[in-house]
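Close look at the chain arrangement
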Amino acid sequence: MNNPDLSGLDITIAVTGLKTGDNPQPGVPVIRSIRAAGFTGKIIGLVYDSMESGIYVDGLVDEVYQMPYPSAGAEAFMSRMHYITEKSHIDVIIPTLDAEVILYIRLQEELQALGIKTFLPTESCFLLRDKTKLASFFPPKGIAVPETDLVSDVTQVISSREQFPLMIKGRYYEAFKANTVDEGIKYFYDIQSRWGLPIILQKLVPGDEYNIVIVGSGDGGILGMVAQKKLVITDKGKGFGGVVVKNAELEEFARKVIGILKWQGPCELEVMRGYDGVYYLIEINPRFPAWVRLAEGAGQNQPAAVVRRALGLEQEPLPEPKSGTMFIRHAEDVIADISTMGEVSARSELIRR
Amino acid sequence: MKSDYMAQLAMNDNGFIFDPNSGYSYTSNETGLLVLRALQQGKSEDEIIRELVELYEVTQDQVRSDLDHYFLMLEAYKLVKTDE
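Residues numbered from 1 in each chain as written. Chains lettered and ligands numbered in written order. Predicted model: local features only at pLDDT ≥ 70, side-chain atom pairs only at ≥ 80, totals over all residues. Heavy atoms only, no water.

Right, let's get into the pairing of strand 1 (residues 12–16) of chain A. Residue and element names in this part refer to chain A. Most of strand 1 is tucked away, with five of its five residues classed as buried. Because side chains alternate across strand 1, one face comprises the buried residues Thr-12, Ala-14 and Thr-16, and the other comprises Ile-13 and Val-15, equally buried. In the sheet, strand 1 pairs with strand 2 (residues 42–47) via five bridges, with the strands oriented parallel. Of the residues in strand 2, the one forming a bridge with Ile-13 is Ile-43. Crossover handedness for the path strand 1 to helix 1 (residues 27–36) to strand 2: right-handed. Both strand 1 and strand 4 (residues 92–94) contribute to a ladder of three bridges, which runs parallel. Paired with Ala-14 across the strands is Ile-93, a residue of strand 4. (Buried < 20%, exposed > 50% of the residue type's maximum accessible area, 1.4 Å probe, protein only. Helix = DSSP H or I, 4+ residues; strand = E, 2+ residues; numbered from the N terminus. Pairing = 2+ DSSP bridges. Right-handed = clockwise from strand over helix to strand, strands pointing away.)

Attention shifts here to the packing of aromatic side chains. All names here are of chain A. Summed over all chains, the structure comprises eight aromatic pairs over all chains. Note on Tyr-48 and Tyr-69: the rings are 5.3 Å apart at their centroids and 15 degrees apart in plane angle, and the pair reads as stacked. Separated by 21 residues along the polypeptide, Tyr-48 in the loop between strand 2 and strand 3 (63–66) and Tyr-69 in the loop between strand 3 and helix 2 (74–87) bring together distant segments of the chain. Of the residues examined, Tyr-48 reaches a relative accessible area of 8% and is grouped as buried. (Phe/Tyr/Trp six-rings, centres within 6.5 Å; stacked < 30°, edge-to-face > 60°.)

In this section: the sheet that holds strand 9 (residues 207–217) of chain A. The strands making up a sheet associate through backbone hydrogen bonding, with each pair oriented either parallel or antiparallel. Residues and elements named next belong to chain A. Here we have six strands laid out as an open sheet, ordered 13-12-9-10-11-14, and antiparallel in their pairing. Each of the sheet's edge strands pairs with one partner strand only, and the pair in question is strand 13 (279–285) and strand 14 (326–328). Sheet twist, expressed as the mean angle between neighbouring strand axes with direction ignored, is 25 degrees. Examined bridge by bridge, strand 9 and strand 10 (residues 222–233) share six bridges and lie antiparallel to one another. Residue pairing across strands places Val-213 opposite Val-226, the latter belonging to strand 10. (Axes fitted to C-alpha atoms, helices over the stretch in contact; angles between N-to-C directions.)

This part takes up the side chain of Asp-98 of chain A. Residue and element names in this part refer to chain A. Residue placement: Asp-98 occurs in helix 3 (residues 98–106). A distance of 2.8 Å separates polar atoms of two side chains, one belonging to Asp-98 and the other to Arg-287. Apart from the residues lying within four places of it in its own chain, the contact partners of Asp-98 are Phe-126, Tyr-173, Asn-285, Pro-286 and Arg-287. (Polar contact = N/O pair within 3.5 Å; in protein donor to acceptor, adjacent residues only side chain to side chain. Contact = heavy atoms within 4.5 Å.)

With 12 residues of chain A at the interface, the matching set in chain B holds six residues. The junction of chain A with chain B conceals about 660 Å² of combined surface from both sides, 46% of it contributed by carbon and sulfur atoms. At the surface where chain A touches chain B, the tally comes to zero salt bridges. Across the chain A-chain B interface, the total number found is five residue pairs in polar contact (both at pLDDT 80 or more). For the side of chain A that touches chain B, the elements supplying multiple residues, two or more each, are strand 9, strand 10 and strand 11 (239–245) of chain A. Ranked by the residues each element gives to the side of chain A that touches chain B, the list is headed by strand 11 of chain A, at three residues. Here the residues of the side of chain A that touches chain B sort into five nonpolar, three polar and four charged. (Buried area = accessible area lost by both parts, 1.4 Å probe. Salt bridge = Lys/Arg side-chain N within 4 Å of Asp/Glu carboxyl O. Nonpolar A, V, L, I, M, F, W, Y, C, P; charged D, E, K, R; others polar.)

Spelled out as structure tokens, the structure:
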């Protein structure tokens, strides 16, 4: 079992999500792992705004193109893709943001017609991991999920008074622990204003949380899997440090989830090992997490494996990760000339080499 | 005392202990480390007591009492399981 060597590939790879900072996106670490696999071809950054910090990092991306937000729809998206590919052919795209993945899945044929390949799950598989579906789909298949209610009215939060503390979650993003019904009402309105309805109320499971980055092969198998326990958690709940764990029960649980879904491509599982000894599936994120470099550091270059599979190349399962490998996130100021920002803002693109 | 779980613990000479199963880490003093390493090697409680008596010039009773407390703590941290 060897890690992928991308040094011989003369292709162009596009990656989305270049923002780092307090809520980092996975694009920058995905690119770094691809480069670490020896890739010397062109890398294009697809961004949504000119303040995505990865734009300004020297040597990271060769070209940058601003994309319409996913909410603008398929037509605006494909129109932009046609423009970009007329300037620069793209061979592989790795989308890294939750809200855009469904667009890339639905437009796979159109992208393929432009010569662009992806390694993503099917649409039905993608929809099964929706937060609103987890609690109904998985438990009958032997995967425990904390008790979950979907609510669309604040009175339902109030009537859950006896069950607090609860997790209050948005359908796409954000999750808060509400200790009291008053906190629950506040978070209900906060999340509703940003992400709409329904709101997810989930029973709090006391235990240890683990995050697992996985590349599913699409036939129920796994090409790579690295589990971490967070060591540093920010006030936004983001893991800014973590350590690779090696736990056979956790791995078996994750394999079962991926086997049920026949997931293809990258994903992140959030799993809670309850103090009752039961493993609970909390969430499935349909993309690499921002901490994916930990996988590379532990001996599994998962982004490089995704590039190979997107191209239709054989990829054997990745080597076993080294437990005890840790990461700690380090913020650094990037210095650039204001004209760089001006170029992205005014022309919606930037050619660095 | 089960030594199979202990065998996977990573320890260094400074007393830093990492449990790759849970992701938790601990620190231990020299004596605690000596006991953990003995458990990793599958030594029995009596063997560990003999070793400690020789090293620290203490009585068997003193050591046994301290060791019982130490084992209770290890069990609470789920680092060892008592044989059923």
